[in-house]
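Next come the chains, spelled out residue by residue.
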Amino acid sequence: MEEPEYADLTCTACGRTAEHELRHVGRLLATTTCTACGHVVEVVPRSMLTGYLHDLEHRVTSKPVRMARRARRDPLRFARELPGALLRQPGKLLAELGTLIRGR
Ligand SMILES: [Zn+2]
């Protein structure tokens, strides 16, 4: 695991817009952890990784302030712009992430 990064996201568990710890496996975003309630989301199937994650990673590392502002201004829209599967199917994603990690 690399050093975590942080970004304000809307938590799917507690509904608050709070700072989330973003953890990566290699170059891939692996989990987000809500610092308000501790809810962990396993992120993103392989099929979504290629362009999207690179772009997200870039934005998270280079524009955290802009991201935080957007999340505060319109948290629902911000949440919709996150990968839909991230919000809907954490269990399935956990399984896929496991496959991904074991395949390395
Ligand atoms: Zn939370």
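Above this text is the structure in question.
Before going into details, it helps to say that this report is about the structure given with it. Since the model is a prediction, treat every value here as computed from it, not as a measurement.

Right, let's get into the overall build of the protein. Helix and strand content of the protein: five helices and four strands. Across the protein, helices and strands are ordered from the amino to the carboxyl terminus as β-β-β-β-α-α-α-α-α. Buried positions account for 19% of the 104 residues belonging to the protein. Of the contacts formed within the protein by residues at least 6 apart in sequence, a portion of 46% connects residues at least 24 apart.

Position of Ala 36 relative to the elements: it lies in the loop between β3 (28-34) and β4 (40-42). By C-beta crowding, Ala 36 is classed as partly exposed, having 14 other C-beta atoms within 10 Å. Separated by 18 residues in sequence, Ala 36 and Ala 18 have C-alpha atoms that sit 6.2 Å apart. With residues near it in sequence (within four places) discarded, Ala 36 still touches Cys 11, Cys 14, Arg 16 and Ala 18.

Within the element layout of this structure, Asp 74 appears in the loop between α2 (64-73) and α3 (75-81). Taking the C-alpha atoms as reference points, Asp 74 and Thr 10, 64 residues apart in sequence, are found 9.8 Å from one another.

Another aspect to go through is the sheet that holds strand β1 (residues 5-10). Strands sit in the order β1-β2-β3-β4 across an open sheet of four strands; the sheet is antiparallel. Unpaired on one side and paired on the other, β1 and β4 mark the two borders of the sheet. Strand-to-strand twist in this sheet, taken as the mean axis angle between neighbours without regard to direction, amounts to 35 degrees.

Right, let's talk about the environment of Gly 15 for a bit. Position of Gly 15 relative to the elements: it lies in the loop between β1 and β2 (17-25). Sequence-wise, Gly 15 and Pro 75 are 60 residues apart; in three dimensions their C-alpha atoms are separated by 9.5 Å.

Our focus in this paragraph is the pairing of β3. By the bridge criterion, six bridges tie β2 to β3 in an arrangement that is antiparallel. Residue pairing across strands places Val 25 opposite Leu 28, the latter belonging to β3.

Residues in a regular strand project their side chains so that they alternate between the two faces of the sheet. Across six bridges, β1 lies against β2 in antiparallel orientation. The residue bridging Asp 8 from the neighbouring strand is Glu 19, located in β2. Linking β1 to β2, which pair antiparallel, is a turn of six residues; within it Gly 15 sits at a positive phi near 75 degrees.

About the cut-offs
- Residues numbered from 1 in each chain as written.
- Predicted model: local features only at pLDDT ≥ 70, side-chain atom pairs only at ≥ 80, totals over all residues.
- Helix = DSSP H or I, 4+ residues; strand = E, 2+ residues; numbered from the N terminus.
- Buried ≥ 20, exposed ≤ 12 C-beta atoms within 10 Å, placed from the backbone.
- Contact = placed C-beta atoms within 7 Å.
- Pairing = 2+ DSSP bridges.
- Axes fitted to C-alpha atoms, helices over the stretch in contact; angles between N-to-C directions.

Function-wise, these values are silent; they only describe arrangement.
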